[in-house]
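# Structure at a glance
Next come the chains, spelled out residue by residue.
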Amino acid sequence: MSALDELSRLPPPAPPELSPALEAELAHLAPVAIRRPVRQLALLVAVSLIYSAGLLVMFTVRGDLHELPMGWLMSTCAAWLLGFVLPIALATVPRAGSMMPRWRLAGIASVVAAIAMVGLGLALHPSGPHSYALGWAGVVGGYGCLANGLETALVPVVIGTIFLRRSLPVGSRWVAAGLGAGGGSLGGLVLHLHCPVADGLHVGLVHGGVIAIAALLAAALVPRATELR
Amino acid sequence: MAEARELMQRYCDGDAGAFRELYALVAPKLLGYLVKMARERALADDLLQQTFLKVHRARAAYVRGADPVPWIYSIAHRTFIDETRRRRRAVVRVGEVEELPEVPAGLTGESDDRRDELRGDPELVTAALDALAELPAQQREAVVLTKLDGRSVAEAAEIAGTTVGAMKVRAHRGYEALRKLLGRAAPAAPAKAAGGEP
């Protein structure tokens with residue numbers, strides 16, 4: 001297409017002089033502390049873990065903890081932790097040499113984390129003599145667990161939002177979902193160690209559902225703060 | 001783009017001269033992109049200034065060693081979309097008053113301003129710009145970024161906030177549509193002149 005070739009060969013136009021608004025800003029230009037994503041991630045993870053440990057102490061550890069298989073308990077803890085760190089890392093740390101968030105991967109990680117933890121809860125939910133099995137009543141009346149999980153998710157989401165405020169020109173909704181899913185997964189970890197209800201419906205739909213609900217809420221609310229407009 | 005990284009770093013450290021150098025380095029190509037998207041030089045100039053003002057206000061988001069150019073393009077892209085939406089809303093409000101005020105040329109409307117930019121073969125360039133203007137905004141953007149600005153599909157996807165696959169599809173469809181539009185436009189003139197079939 002010679003017309004398109006001709007257009008692509010055009011020299012770029014001469015840009016205008018800087019606007020008075022920009023000149024005024026440059027007149028008193030001060031150094032700024034630039035973003036250090038890895039350090040911010042480490043801080044976010046550390047503060048969130050301390051906060052969630054504090055909440056767990058406040059809520060108390062589940063009574064049937066010592067009756068549950070240690071392998072399942074630890075591996076599920078690791079899965080919740082992975083679901084916490086991975087989406088948040090993807091949402092806050094860009095790939096090397098880039099400033100842009102890995103919003104697509106953060107979005108995928110949120111969806112995968114939500115599906116995996118709901119599925120894991122439905123499939124694997126060992127119980128002990130002091131565990132509770134409530135069936136659908138545990139799902140319908142699961143708002144206490146949901147509230148506790150979302151309360152835990154609040155801190156990582158707020159910290160992540162502060163770190164990313166007014167810096168995302170694109171993908172802010174997916175980044176927010178990543179922050180929400182990560183926070184929700186931390187909420188799930190707290191519930192895993194606190195809630196003695198051990199039937200699959202409650203563990204899967206309520207504890208796992210915290211990830212999905214936190215991700216959706218974050219995707220709806222956070223972009224207002226992180227979008228660069 | 002090592003130079004842009006270095007300039008951005010110095011600018012964040014408080015060097016106003018580095019900002020001017022960064023502007024001189026990035027603004028011409030970015031303005032070319034905005035002119036092709038907006039098709040109105042005055043609007044493109046305004047969008048460019050808005051973009052750099054946003055860059056300035058968000059400079060603390062810079063990550064050491066990162067290439068700032070895709071980020072700046074992305075801000076320009078976002079600013080263009082917001083302006084398009086704002087203008088669309090403004091047109092609706094204009095329709096409510098009895099006496100219509102004078103409305104400047106729209107984003108996809110003709111403007112004499114752009115003719116200042118035309119060099120090379122003006123007819124071919126005008127034909128390409130006209131055909132480009134007929135494309136949907138997403139396809140136009142894909143064609144401008146990948147075919148005219150020479151950006152990789154991955155980079156263009158990053159700028160537009162979409163996936164590589166979607167960008168490939170948009171660029172391909174846009175290019176095919178352009179081919180049809182330009183193919184239709186090119187033989188039309190000689191056919192008319194010869195009095196033959198269109």
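Residues numbered from 1 in each chain as written. Chains lettered and ligands numbered in written order. Predicted model: local features only at pLDDT ≥ 70, side-chain atom pairs only at ≥ 80, totals over all residues.

Residues and elements named next belong to chain B. Partitioning chain B into domains gives domain 1 (1–95) and domain 2 (118–188). For domain 1 versus domain 2, the distance between C-alpha centres works out to 21 Å. Facing nine residues of domain 1, the contacting portion of domain 2 comprises 13 residues. Among the elements of the structure, helix H2 (16–38) and helix H4 (69–94) are those that each provide at least two residues to the side of domain 1 that touches domain 2. When the residues that make up the side of domain 1 that touches domain 2 are grouped by side-chain class, the tally is four nonpolar, two polar and three charged. (Domains from an automatic or database assignment. Contact = placed C-beta atoms within 7 Å. Helix = DSSP H or I, 4+ residues; strand = E, 2+ residues; numbered from the N terminus. Nonpolar A, V, L, I, M, F, W, Y, C, P; charged D, E, K, R; others polar.)

The subject of this paragraph is the packing of helix H5 (residues 103–123) of chain A against helix H8 (residues 172–194) of chain A. Residue and element names in this part refer to chain A. For the pair H5 and H8, interaxial distance at closest approach is 7 Å and the crossing angle is 30°. Classified by the angle their axes make, H5 and H8 are roughly parallel. The chirality of how H5 crosses H8 is left-handed. Together, Trp 103, Arg 104, Ala 106, Gly 107, Ala 109, Ser 110, Ala 113, Ala 114 and Met 117 of H5 and Trp 174, Val 175, Ala 177, Gly 178, Ala 181, Ser 185 and Gly 188 of H8 make up the contact between the two elements. (Axes fitted to C-alpha atoms, helices over the stretch in contact; angles between N-to-C directions. Parallel < 35°, antiparallel > 145°, perpendicular 65-115°, else oblique. Left-handed = near helix turned anticlockwise from the far one by under 90°.)

What follows deals with the nonpolar core. Residues and elements named next belong to chain B. If you look at the biggest cluster of nonpolar residues, it comprises 109 residues, and the most contacted ones within it are Leu 30 and Leu 34. Of the residues forming this core, the biggest block, twelve residues, is contributed by H2. Both domains that meet at this core, namely domain 1 (1–95) and domain 2 (118–188), each give it at least three residues. Beyond its immediate sequence surroundings of up to four residues, Leu 30 is in contact with Leu 48, Thr 51, Ile 72, Tyr 73 and Ala 76. (Core = buried A, V, L, I, M, F, W, Y, C linked by C-beta atoms within 7 Å. Buried ≥ 20, exposed ≤ 12 C-beta atoms within 10 Å, placed from the backbone.)

What follows is about helix H3 (residues 41–57) of chain B. Under the 1.5 Å per step criterion, the end-to-end length of H3(B) is 24 Å for 17 residues, consistent within 8% with the ideal 24 Å. The set of residues buried in H3(B) consists of B:Arg41, B:Leu43, B:Ala44, B:Asp45, B:Leu47, B:Leu48, B:Gln49, B:Thr51, B:Phe52 and B:Val55. (Expected span 1.5 Å × (residues − 1).)

Now for the interface of chain A and chain B. Many descriptions give the size of an interface as the accessible area lost when the pieces come together. Between chain A and chain B, the residue contacts involve 42 residues of the former and 53 residues of the latter. Top element by residues in the side of chain A that touches chain B is helix H1 (residues 2–8) of chain A. It accounts for six residues. Classifying every residue of the side of chain A that touches chain B gives 28 nonpolar, seven polar and seven charged.

Next up on the list: the packing of helix H7 (residues 143–164) of chain A against helix H10 (residues 209–221) of chain A. All names here are of chain A. At their nearest, the axes of H7 and H10 sit 10 Å apart, and the two run at 50° to each other. Considering the angle they form, H7 stands oblique to H10. The two elements H7 and H10 meet at a crossing, and its hand is right-handed. Residues Leu 146, Gly 149, Leu 150, Ala 153 and Val 157 of H7 form the contact with H10, whose own contacting residues are Val 210, Ile 213, Ala 214 and Ala 218. Classifying every residue of the contact of H7 with H10 gives eight nonpolar, one polar and no charged.

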